[in-house]
Number of protein chains: 2
Amino acid sequence: MDTPLREPTFLILTALAGAPLHGYGLIREVAALSDGRVTLRPGTLYGALDRLVDAGLVDVDREEVVDGRLRRYYCLSPVGDATLAAETERLRRNVEAATARLRERAHAARPATPRAAGGLA
Amino acid sequence: MDTPLREPTFLILTALAGAPLHGYGLIREVAALSDGRVTLRPGTLYGALDRLVDAGLVDVDREEVVDGRLRRYYCLSPVGDATLAAETERLRRNVEAATARLRERAHAARPATPRAAGGLA
DNA sequence: CTTCTATGTGTCGGCCACCGTAATACCTTC
DNA sequence: GAAGGTATTACGGTGGCCGACACATAGAAG
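For clarity, every value in this text was computed on a predicted model and none was experimentally measured.

The rules we used
- Residues numbered from 1 in each chain as written.
- Chains lettered and ligands numbered in written order.
- Predicted model: local features only at pLDDT ≥ 70, side-chain atom pairs only at ≥ 80, totals over all residues.
- Heavy atoms only, no water.
- Helix = DSSP H or I, 4+ residues; strand = E, 2+ residues; numbered from the N terminus.
- Buried < 20%, exposed > 50% of the residue type's maximum accessible area, 1.4 Å probe, protein only.
- Contact = heavy atoms within 4.5 Å.
- Areas by Shrake-Rupley, 256 points an atom, 1.4 Å probe, with all protein chains shown as cover.
- Buried area = accessible area lost by both parts, 1.4 Å probe.
- Salt bridge = Lys/Arg side-chain N within 4 Å of Asp/Glu carboxyl O.
- Polar contact = N/O pair within 3.5 Å; in protein donor to acceptor, adjacent residues only side chain to side chain.
- Nonpolar A, V, L, I, M, F, W, Y, C, P; charged D, E, K, R; others polar.
- Pairing = 2+ DSSP bridges.
- Axes fitted to C-alpha atoms, helices over the stretch in contact; angles between N-to-C directions.
- Parallel < 35°, antiparallel > 145°, perpendicular 65-115°, else oblique.
- Near = heavy atom within 4 Å.
- Phe/Tyr/Trp six-rings, centres within 6.5 Å; stacked < 30°, edge-to-face > 60°.
- Lys NZ or Arg CZ within 6 Å of the ring centre and 35° of its normal.
- Expected span 1.5 Å × (residues − 1).

Caption draft 1: Layout of the overall build of chain A. On a plain count of helices and strands, chain A comes out with four helices and three strands. The order of helices and strands in chain A, counted from the N terminus, is α-β-α-α-β-β-α. Looking at chain A as a whole, 38% of its 121 residues qualify as buried. Long-range pairs, those at least 24 residues apart, make up 46% of the contacts in chain A with a sequence separation of at least 6. When the accessible surface of chain A is split by element, carbon and sulfur atoms take 52% of a total near 7,100 Å².

Caption draft 2: Here's a closer look at the interface of chain B and chain A. Counting from both sides, the interface comprises 30 residues of chain B and, opposite them, 30 residues of chain A. Taking both partners together, chain B and chain A bury about 2,800 Å²; carbon and sulfur atoms supply 56% of that area. Three residues stand out in chain B for area buried against chain A, namely R101(B), L102(B) and R105(B), and they jointly supply 23% of the buried area on that side. Across the contact surface, chain B and chain A share six salt bridges. A salt bridge links R105(A) to D81(B), with the nearest nitrogen and oxygen atoms 2.6 Å apart. At the junction of chain B and chain A, the tally comes to 14 residue pairs in polar contact (both at pLDDT 80 or more). Among the elements that take part in the side of chain B that touches chain A, helix α4 (residues 78-109) of chain B stands out by supplying 16 residues, more than any other. Along the lines of polarity and charge, the residues of the side of chain B that touches chain A split into 14 nonpolar, five polar and 11 charged.

Caption draft 3: Broad picture of the sheet that holds strand β1 (residues 21-22) of chain B. All names here are of chain B. Strands sit in the order β1-β3-β2 across an open sheet of three strands; the sheet is antiparallel. The sheet is open, and its two edges are formed by β1 and β2 (58-66), each paired on a single side. Of the strand pairs in this sheet, β2 and strand β3 (residues 69-76) are connected by eight bridges, and their pairing is antiparallel. Each bridged residue has a counterpart across the sheet, and for V65 the counterpart in β3 is L70. Its contacts with the sheet place helix α1 (residues 7-18) against β1, β2 and β3, and it is angled at close to 90° to β3.

Caption draft 4: A look at the packing of helix α1 (residues 7-18) of chain A against helix α2 (residues 23-33) of chain A. Residue and element names in this part refer to chain A. Two numbers describe how α1 lies on α2: the axes approach to 9 Å, and their chain directions differ by 100°. The angle between α1 and α2 places the two elements in the roughly perpendicular class. Only L26, E29, V30 and L33 of α2 make contact with α1, whose side of the interface consists of L11, I12, T14, A15 and L16.

Caption draft 5: Up close: the protein's contact with DNA strand C. For DNA strand C, the set of nearby residues contains 21 residues, the closest of which are T9(A), R51(A), Y24(B), R71(B) and R72(B). Considering DNA strand C, the proportion of its atoms within 4 Å of the protein that are sugar or phosphate atoms stands at 74%. Here T9(A) contributes a side-chain N or O atom positioned 2.6 Å from a phosphate oxygen of DNA strand C. Side-chain polar atom of R71(B) to a phosphate oxygen of DNA strand C: 2.6 Å apart, as the coordinates give it. When residues of the surface near DNA strand C are traced back to their parent elements, those giving at least two are α1 and α3 (42-55) of chain A together with α2 (23-33), α3 (42-55) and β3 of chain B. A per-class count over the surface near DNA strand C returns six nonpolar, six polar and nine charged.

Caption draft 6: Inspection of the sheet that holds strand β3 (residues 69-76) of chain A at higher detail. Residues and elements named next belong to chain A. As summarised here, the arrangement of the three strands in space is β1-β3-β2, forming an open sheet in which the pairing is antiparallel. One side of each edge strand has no neighbouring strand; the edge strands of this open sheet are β1 (21-22) and β2 (58-66). Contacts from α1 reach β1, β2 and β3, with the element oriented near 90° to β3.

Caption draft 7: View of the packing of aromatic side chains. As enumerated under the stated definition, the model contains zero aromatic pairs over all chains in all. Directly above the aromatic system of Y73(B) lies the positively charged group of R62(B), at a separation of 4.0 Å from the ring centroid.

Caption draft 8: Here's a closer look at α1(A). Between its terminal C-alpha atoms α1(A) stretches 17 Å, which fits the 16 Å expected from 12 residues at 1.5 Å a residue. Among all positions in α1(A), only E7(A), T9(A), F10(A), L11(A), I12(A), L13(A), T14(A), A15(A), L16(A) and A17(A) are buried.

Caption draft 9: Molecular detail of the pattern of salt bridges. Scanning the entire structure with this criterion turns up 16 salt bridges over all chains. The shortest N-O distance in the salt bridge between E64(A) and R62(A) comes to 3.3 Å. You can call E64(A) partly exposed: its relative accessible area is 29%. In this structure R62(A) comes out as partly exposed when scored by relative accessible area, which is 35%. Where E87(A) meets R90(A), a salt bridge forms, and the shortest distance between an N and an O atom there is 2.2 Å. Of this pair, E87(A) and R90(A) both sit in helix α4 (residues 78-109), three residues apart, which is roughly one turn of the helix. Judged by relative accessible area, E87(A) falls into the buried class, the value being 9%. A residue is classified by how much of its surface remains accessible, and R90(A), at 11% relative accessible area, is buried. Each of E7(A), E87(B) and R90(B) takes part in one network of salt bridges that share partners.

Right under this line is the structure:
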């Protein structure tokens, strides 16, 4: 799990950082906090949950039985909390680096600054 | 290529947003802008470059021959520029969502702020 | 001279997270 | 009783990344 988190996994941890949720609730919460851009598939969700529990980033909070069906709630472990914080910091640095370069690029492409703009032709 | 970019690919585009670079220069540039956390392997680098050129996000800028060996420079295409900008925005939203939830969490765990901290119990 | 390290590009096999889909099961609504 | 939302589980496929290797040149170290 030292691999950088992919987006679905990152969003699962982010959703669980707010409150314990069960699988189907996670699908809706992730859709909500990504403005509908990310829709978790069952294969992604439960596969990720198994991995995260196995890695100790997520714990099983409790299990309820509603209408004869099992409903398992997951919550973020302290390790998961720290991992999410570290991962967020890493992403923040990447975003800042990319933003800085894109900004320089916009300046170079738009010679609105009169100084030394049109070198050639 | 509608899959969200993984970290190595994202950093390659970010590096190319600064200036055209050849393969080995990319390895060093990515290492620099990630503070040494990401070291591109040849398999990752050239595989990614082939994909990016094929997808139209990266163009071959020019080819030089130094000491009898080919040195190929790559640069970011307009499509790659737009993709990197969109990807950066997506990451920024994810970072903000995670940061907000982590902050709420820290407040809940540490009721050090006397005002309206412990709502329950 | 040989060996090691750095520069530099390229290929191949394998892993694993994610995806797509279907199956299962209960309840409510039409 | 067919349809649709809730909820979990299982399985095969795809694709990006990694690890290791191959090849070539040049300078430093032994």
